[in-house]
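# Close look at the chain arrangement
What follows is each chain in one-letter form.
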Amino acid sequence: MDKKPIIGISGSILIAEGGVFTGYQRAYVNHAYVESVIKAGGIPFIIPFNTDKEVTKEQIKYVDGLILSGGHDIFPQLFGEEPKQHIGETFLDRDNFDILLLKTAVDQKKPVLGICRGHQVINVTFGGTMYQDLSYNKDIYIKHSQATKWDRPTHTVEIKENSFLSEIFGKEGLVNSFHHQVVNKVADDFKVTALSKDGVVEGIENISDDKFILGVQWHPESMIHTDKNSAKLFKRFVERVKKN
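Read on for an overview of the structure.

What counts, and where the lines are drawn
- The residue numbers shown here count from 1 along each chain, following its written sequence.
- Side-chain atom pairs in this predicted model are given and counted only at pLDDT of 80 or more, local residue features only at pLDDT of at least 70, and totals for whole chains, interfaces and linings cover all residues.
- Neither water nor hydrogens contribute to the side-chain values; these are computed over all heavy atoms in the structure.
- Here the nonpolar core consists of buried residues drawn from Ala, Val, Leu, Ile, Met, Phe, Trp, Tyr and Cys, with membership extended through side-chain atoms lying within 4.5 Å.
- In this scheme, a residue with accessible area under 20% of its type's maximum is buried, one over 50% is exposed, and one in between is partly exposed, where area comes from a 1.4 Å probe on protein chains only.
- Only DSSP runs of H or I with at least four residues qualify as helices, and only runs of E with at least two residues qualify as strands; both kinds are numbered from the N terminus onward.
- Whether two residues are in contact is decided by their heavy atoms: any pair within 4.5 Å suffices.
- Strands are labelled as partners when DSSP assigns at least two bridges between them.
- To get an axis, fit a line to the C-alpha atoms, keeping to the stretch in contact for a helix; angles then go from 0 to 180 degrees between the N-to-C directions.
- Whether a set of points on the 1 Å grid over the protein atoms alone is a cavity depends on a 1.4 Å probe fitting there but being unable to get out, while an open set qualifies as a pocket with protein on both sides within 12 Å along at least five of seven lines; lining residues are those with an atom within 4 Å of a point.
- Grid points are joined across faces, edges and corners, and a volume is the space filled by probe spheres set on the points.

Looking now at the nonpolar core. Membership of the largest hydrophobic core comes to 30 residues, with the highest contact counts inside it found for Ile67, Ile115, Leu165 and Trp218. Mapped onto this core, the elements with two or more residues apiece are strand E1 (6-10), helix H1 (31-39), strand E6 (112-115), strand E8 (155-159), helix H5 (166-169), strand E13 (211-216) and helix H6 (228-243). Here this core takes six residues from H6, the largest share from any one element. Those residues in contact with Trp218 that sit more than four places away from it in its chain are Ile115, Cys116, Val157, Leu165, Phe169, Val175, Asn176, Ala194 and Glu202. Ile47, Leu66, Val121 and Val124 belong to the second largest nonpolar core, which has 28 residues in total.

In structure tokens:
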């Protein structure tokens, strides 16, 4: 039997808000990421958040591919801006953790998939910028923070030809959406592979024979049981990791 690749999933901190453990910190990721990797044929490993750079670098050595999970807003100083009125909660230590995971994985030629915040981390790490809130782009009119259930899609994305995503979705996909920050300037060496109808960058990639970095703004892990293309996205990613 072929060896299943180990997929690291970047973790965060959940702080208990009630009972005797109020203020207690728990390492976590949403279970949907774990399910998605298993369903796709990989072995999920949660990479616990920490602030020890040497530990973080060592963590990457034990996985074959990396998923950067969702979470807080990106700290605006990382892309040269002061915080604006509509920015949400930030977590700079986690930004630094994710950035180090990403750079180390790329240095070791391990495939990376960034989801929502992870997509944004990829863009900022390689020199791109963000709109700190949807309101700072006057052209945006679609509701990008849906109020319906997480496993239901709400808006379309147009997929660029000859891209990794086009092999899965064709020319158009229907996705869920839970974000209020969006990509502004796209990082050098990345191409935009998915756009919403109002021009929001929904997918970026930098893929070659020895590099695989893909970011998507939506949450495919939440739709693996309701959308075949979401499940296929993880399957194709795991296949790429296995190939590497």
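Continuing now.
The subject of this paragraph is the sheet that holds E1. With mixed pairing, nine strands are arranged side by side in an open sheet as E4-E1-E5-E6-E13-E12-E11-E8-E9. The open sheet has two free edges, formed respectively by strand E4 (43-47) and strand E9 (172-175), since each of these has just one partner strand. The sheet shows a mean angle of 20° between the axes of neighbouring strands, taken without regard to direction. For E1 and strand E5 (residues 65-68), the ladder comprises three bridges, and the chain directions are parallel. Pairing of Ile9 across the sheet is with Ile67, part of E5. Running over the sheet, H1 touches E1, E4, E5 and E6 and is turned about 150° from E4.

Another point: the pairing of E13. Among the six residues that make up E13, five are buried, leaving the element largely enclosed by the rest of the structure. The sheet contact formed by E6 and E13 spans four bridges and is parallel. Note on E13: the bridge partner recorded for Val112 is Ile213. Across six bridges, strand E12 (residues 201-208) lies against E13 in antiparallel orientation. Bridge pairing in E13 links Ile207 to Phe212. Connecting the antiparallel pair E12 and E13 is a turn made up of two residues.

This brings us to empty space enclosed by the protein. Summed over all chains, the structure comprises one cavity of 30 Å³ or more. Estimated volume of the largest cavity: approximately 40 Å³. Those elements giving two or more residues to the lining of the largest cavity turn out to be helix H3 (92-107) and E13. Broken down by element, the lining of the largest cavity gets its largest block of residues, three residues, from E13.

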